[in-house]
Amino acid sequence: MYDYVIIGAGIIGTCVARELSRYSVKAIVLEKENDVANVQTLANSAIIHSGHNPEPDSLKAKLNIWGNQLYDELEQELDIPLLRSGAYVVAHNEQEEAELEKLYQNALANEVPDVALLSFEEAVKTEPNLARSITKVLTLPTTKVTYPWEVAFACMENAMKNGMEFQKNATVTKIEPKDDFYIITVNNRQTIETKAVINAAGVASDDIAAMIDKTVEFKITPRKGEYFVLDNRMKGFVNHVLYPLPSEAGKGVLLTPQVHGEILVGPNSVYVEDKYRTDVSFEGLNYVKANAGALAENVPFHKIIRSFAGIRATSTYDDFYIQESKEHKGIFHFGGLESPGLSAAPAIAKYLLRDVIHIEKLFPEKPDFDPIRKKKPEFHTFTLDEKRKLIEEYPTYGNIICKCEQITEKEIVDAIHAPLGSNTIKGLKKRTRAGAGLCQGGYCEEKVMKLIARETGVSPLTIAYDATDSALFLEETKVEE
Ligand SMILES: Cc1cc2nc3c(=O)[nH]c(=O)nc-3n(C[C@H](O)[C@H](O)[C@H](O)COP(=O)(O)OP(=O)(O)OC[C@H]3O[C@@H](n4cnc5c(N)ncnc54)[C@H](O)[C@@H]3O)c2cc1C
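This structure is a prediction, so every number in the text was calculated from the model and none was measured. (Residues numbered from 1 in each chain as written. Predicted model: local features only at pLDDT ≥ 70, side-chain atom pairs only at ≥ 80, totals over all residues. Heavy atoms only, no water.)

**Considerations on the domain arrangement of the protein**
Here is step 1 of the chain: Here the protein is partitioned into domain 1 (87-141 + 221-312) and domain 2 (382-462).
Here is step 2 of the chain: Relative placement of domain 1 and domain 2: their C-alpha centres are 33 Å apart.
Here is step 3 of the chain: Taken together, the contact pairs 7 residues of domain 1 with 7 residues of domain 2.
Here is step 4 of the chain: The residue makeup of the side of domain 1 that touches domain 2, split by class, is 1 nonpolar, 2 polar and 4 charged. (Domains from an automatic or database assignment. Contact = heavy atoms within 4.5 Å. Nonpolar A, V, L, I, M, F, W, Y, C, P; charged D, E, K, R; others polar.)

So, in structure tokens, the structure goes:
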């Protein structure tokens, strides 16, 4: 019997898993995908917002500001990447300047540190490509950018080190109340008994809630956002996150420098029927292109290496919904954790345990909880001398598999065998960045596939791109005599 089952291994489920692993509990994370962080946590702008935008006194404002601060702690403890870019929100005329003033007052009311209004002339000194039509800028120095799925991996790895269990390819299909516990059905066959359930299922959180509660207080109204990725040789084209003024539709089309040097252009914001369809559209990407010019001069669209889309878990509830079920004790729902959900995630986890569950009254803290996770060093960041020494000790560092991102055989093999390792092309791309560069895997995917086959002893025919049913090959067509 588990004390807690967490449904979903996005940034919320993994942050909760890590916080929960501080206590003497028996708990497991169930994830329907073949990896951690495969849904919203995979496809977003990666910004740790300052907290300038949410309504003062809302849960969104409180947890965004707290979460932003907690990322500094996570950087120390979990070795996650943070780019302290800061951000500019821009205005183009008197009417927009009046809106910018209101946003500035909102940021002050939320006690966002160090905010100020700058003239175009002041802002352009640190952001030379700023669009010449801009007249005024709100500066938000505490805005940061991270690598969202690495934060989720780091939280999950650290939680597992501290006793948390994890099962992937585990779709929760039923929740059945018993006298003082619940029976969770996974993939319509396996059953798990638990005293409490934490529903962190993102866009599916309303469906999970409906499995157990007659009345669900929020409904997910999915909103798609589409992006372009500019090659990391464009690093420095913008140094800050550049936001237009926010509107009903959200924060608008942004230019966002990424921790590995790429620049994201997007997203748009379109309500959609299907919460799982993440294809991009001609209209959506054209909208993104048309709007990016309001932020910077001559956006280098000839350097696009990829496009992608994510689905926001927008909901009918006006704030983050973080509550115990009104009908069933021990069932906790997260609903409507759209942006700033990534920014707030570490605070959301603490808020759930401290203010909703009151965990300290239920379970003692583990005296031996270890908050530290060390990331494997990235070979390409070493000096030539250091590289030579490393290759002498581990010769497979000398074999570059991904030429664009300079990722070596040793790094990929380590990622296959890590405690939260992967045996898929996409899983290894997320962990090592092999395939994340200019050629998007055109050169290295086949080499990565051969390494997986060699290291796991399976036929290449069984190797998946991502989901277990996404095999790369159908059959052998040419067999050596
Ligand atoms: C386009 C876009 C841009 C964004 N930009 C930002 C930003 O810059 N900054 C910011 O702070 N926030 C941003 N967000 C919001 C942020 O990405 C989300 O708030 C955050 O990722 C939510 O995490 P999650 O864990 O709730 O959801 P997810 O990452 O979606 O995780 C939910 C998990 O539950 C699993 N699951 C679902 N159903 C089941 C089931 N039946 N059984 C088992 N598992 C199940 C899913 O497979 C998934 O892995 C953005 C979102 C989008 C879409």
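**Examining the site of the ligand**
Here is step 1 of the chain: Glu31, Thr41, Ile47, Leu337 and Ser343 are the nearest of the 38 residues found near the ligand.
Here is step 2 of the chain: One nitrogen or oxygen atom from the side chain of His49 is found 3.2 Å from a nitrogen atom belonging to the ligand.
Here is step 3 of the chain: Compared with its free state, where it exposes 1,000 Å², the ligand has 97% of that area covered by protein.
Here is step 4 of the chain: Broken down by secondary-structure element, the contributors of at least two residues to the shell around the ligand are helix H1 (11-20), strand S18 (304-312) and helix H8 (341-357). (Near = heavy atom within 4 Å. Polar contact = N/O pair within 3.5 Å; in protein donor to acceptor, adjacent residues only side chain to side chain. Areas by Shrake-Rupley, 256 points an atom, 1.4 Å probe, with all protein chains shown as cover. Helix = DSSP H or I, 4+ residues; strand = E, 2+ residues; numbered from the N terminus.)

**Remarks on unusual backbone geometry**
Here is step 1 of the chain: Here Gly266 and Pro267 are connected by a cis peptide whose omega angle stands at 5°.
Here is step 2 of the chain: Summarising the element assignment, Pro267 is placed in the loop between strand S16 (263-266) and strand S17 (270-271).
Here is step 3 of the chain: For the peptide bond that leads from Ser339 to Pro340, omega is 10°, which places it in the cis range.
Here is step 4 of the chain: Backbone geometry places Asp79, a non-glycine residue, at a positive phi of 60°.
Here is step 5 of the chain: Examined against the element boundaries, Asp79 turns out to sit in the loop between helix H2 (59-78) and strand S4 (82-83).
Here is step 6 of the chain: Taking the relative accessible area as the measure of exposure, Asp79 reaches 25% and is therefore partly exposed. (Buried < 20%, exposed > 50% of the residue type's maximum accessible area, 1.4 Å probe, protein only.)

**Some words on the packing of helix H10 (residues 409-417) against helix H12 (residues 445-456)**
Here is step 1 of the chain: Following both chains from N to C, one finds H10 and H12 inclined at 50°, their axes separated by 10 Å at the closest point. Accordingly, the angle class assigned to the pair H10 and H12 is oblique. Both H10 and H12 take part in a crossing whose hand is right-handed. Listed contacts from H12 to Glu409, Ile412, Val413, Ile416 and His417 of H10 are Val448, Leu451, Ile452, Arg454, Glu455 and Thr456.
Here is step 2 of the chain: Looking at the contact of H10 with H12, its residues break down into 6 nonpolar, 2 polar and 3 charged. (Axes fitted to C-alpha atoms, helices over the stretch in contact; angles between N-to-C directions. Parallel < 35°, antiparallel > 145°, perpendicular 65-115°, else oblique. Left-handed = near helix turned anticlockwise from the far one by under 90°.)

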